Amino acid sequence: MKKILITGGAGFIGSHVVRRFVTQYPEYQIFNLDALTYAGNLENIADIEKEVNYTFVKGDIVDAAFINELFEKEQFDGVLHLAAESHVDRSITDPMAFVKTNVIGTVNLLNAAKTIWKGNFEGKRFYHISTDEVYGSLGAEGLFTETTAYDPNSPYSASKASSDHFVRAYGETYGLPYVLTNCSNNYGPNHFPEKLIPLFINNIINNKSLPVYGDGKYTRDWLFVEDHAVAIDLVFHEGKNHDTYNIGGFNEWQNIDLVKLLCKIMDEKLGRAIGTSEQLITYVKDRPGHDLRYAIDASKINKELGWKPSVTFEQGLEKTVNWYLENQTWLDNVTSGAYASYYEKQYSN
Ligand code: NAD
């Protein structure tokens, strides 16, 4: 039996990856390591917590002694590393939290893997999950490819870029077997409602304003989270050692157009007159260092591993809206308490 460590498995993307690995690979023993920060929520994976091939471990990847002890005890064969501070706005107010978890935490995991594998890398793999934001901003034309130079602009993307460099450096310097992926914006069930789509779904339900940054012309590529989990599964099992793959939805949207589409779907679902939710849109002061456009060329993973998204954006968005409407308790639980006061502070001026 292979022992696989997934970090950040109580978070948004991690929960979908944990569910997929636990259900698809009964021959693996899956360990989910998560510090349960404000973004971690065991409700996200409540449906698989009793599976015999699943173990949850609460712990902080910044704590090197704890990480070394865990690796020594469990002797993992593979690591899928998703734990991170992930919200750009929070990185602007508290960059050090991002340095600690995203940079130091990643290096702690690399060191622990290197120590237990002792140069015997047969059947071993360290998979680092990263973002397209490391590439910086695009003008109106062009796409990020795997060879685009790094040019991060926010403390979040700078910390992810740094962690990517460390992963590659451990590959070059110590021969550590790794794969790395840079993915565009994800959306779907279990997404914490500080991020655009779930935030706006929640605000529309509650008739609260929809704060759109700047002129709303920012462009992002969007991918349904379950399609990302499938891509991660493929890359973990079939990706080339010491290689990088971009993952994206072939699906670019200007923020304002996305918000209008979401408003329309929500009006239909809530039985409101079309146009009602659009009236909640308010333009707010832009975030500093805001990248104009991200767009990803995902043709390498498509050609080499045969991956492509399984749903269109309209289908994925409808599934997402349905999930939030059917899981109001989940939404209420995560929007009460600490998150509510963060939200008030963030949008109070
Ligand atoms: P998330 O914020 O929803 O979840 C992060 C998880 O990591 C949480 O469960 C949290 O408790 C845990 N965590 C945070 N700090 C930790 C620490 N010090 N020790 C242990 N656990 C800790 O994030 P997400 O959106 O699911 O993103 C997962 C990964 O995918 C991140 O590495 C992120 O950079 C990357 N990514 C995200 C997106 C996106 O659109 N969300 C796109 C591309 C890449």
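How each quantity is defined
Residues numbered from 1 in each chain as written. Predicted model: local features only at pLDDT ≥ 70, side-chain atom pairs only at ≥ 80, totals over all residues. UniProt positions renumbered as here; feature names shortened; annotations may be inferred. Near = placed C-beta within 6 Å. Helix = DSSP H or I, 4+ residues; strand = E, 2+ residues; numbered from the N terminus. Nonpolar A, V, L, I, M, F, W, Y, C, P; charged D, E, K, R; others polar. Axes fitted to C-alpha atoms, helices over the stretch in contact; angles between N-to-C directions. Parallel < 35°, antiparallel > 145°, perpendicular 65-115°, else oblique. Left-handed = near helix turned anticlockwise from the far one by under 90°. Contact = placed C-beta atoms within 7 Å. Domains from an automatic or database assignment.

You'll find the chain entered in an unreviewed UniProt entry as dTDP-glucose 4,6-dehydratase, with Flavobacterium flavipallidum given as the organism. The record held by UniProt for the chain lists under Sequence similarities (unreviewed entry) the comment "Belongs to the NAD(P)-dependent epimerase/dehydratase family. dTDP-glucose dehydratase subfamily." Looking at the Cofactor (unreviewed entry) heading of the UniProt record, one finds this comment for the chain: "NAD(+)".

In the neighbourhood of the ligand, 31 residues make up the surrounding shell, with Gly8, Gly11, Phe12, Gly40 and Ala84 lying closest. Secondary structure elements with two or more residues in the shell around the ligand: α1 (12-24), α4 (95-117), β5 (125-131) and β7 (185-187). Grouping the constituent residues of the shell around the ligand by class yields 14 nonpolar, 13 polar and 4 charged.

A few words now on the packing of helix α6 (residues 196-205) against helix α8 (residues 255-270). At a minimum axis distance of 11 Å, the contact between α6 and α8 shows a crossing angle of 40°. In this view, α6 runs oblique relative to α8, as classed from their interaxial angle. Considering how the two elements wind past one another, α6 and α8 form a crossing that is right-handed. Seen from α6, the contacting residues are Ile197, Phe200, Ile201 and Ile204; seen from α8, they are Val259, Leu262, Cys263 and Met266. Of the residues that constitute the contact of α6 with α8, the class distribution is 8 nonpolar, no polar and no charged.

The backbone of Lys118 sits at a positive phi, close to 45°, despite the residue not being glycine. Note that Lys118 resides in the loop between α4 and β5.

Segmenting the chain into domains produces domain 1 (2-187 + 222-247) and domain 2 (196-219 + 253-292 + 312-339). For domain 1 and domain 2, the distance between their C-alpha centroids amounts to 27 Å. Each partner contributes to the interface: domain 1 provides 12 residues, whereas domain 2 provides 15 residues. Elements with a contribution of two residues or more to the side of domain 1 that touches domain 2: α3 (88-93) and β9 (219-224). Here the residues of the side of domain 1 that touches domain 2 sort into 5 nonpolar, 5 polar and 2 charged.

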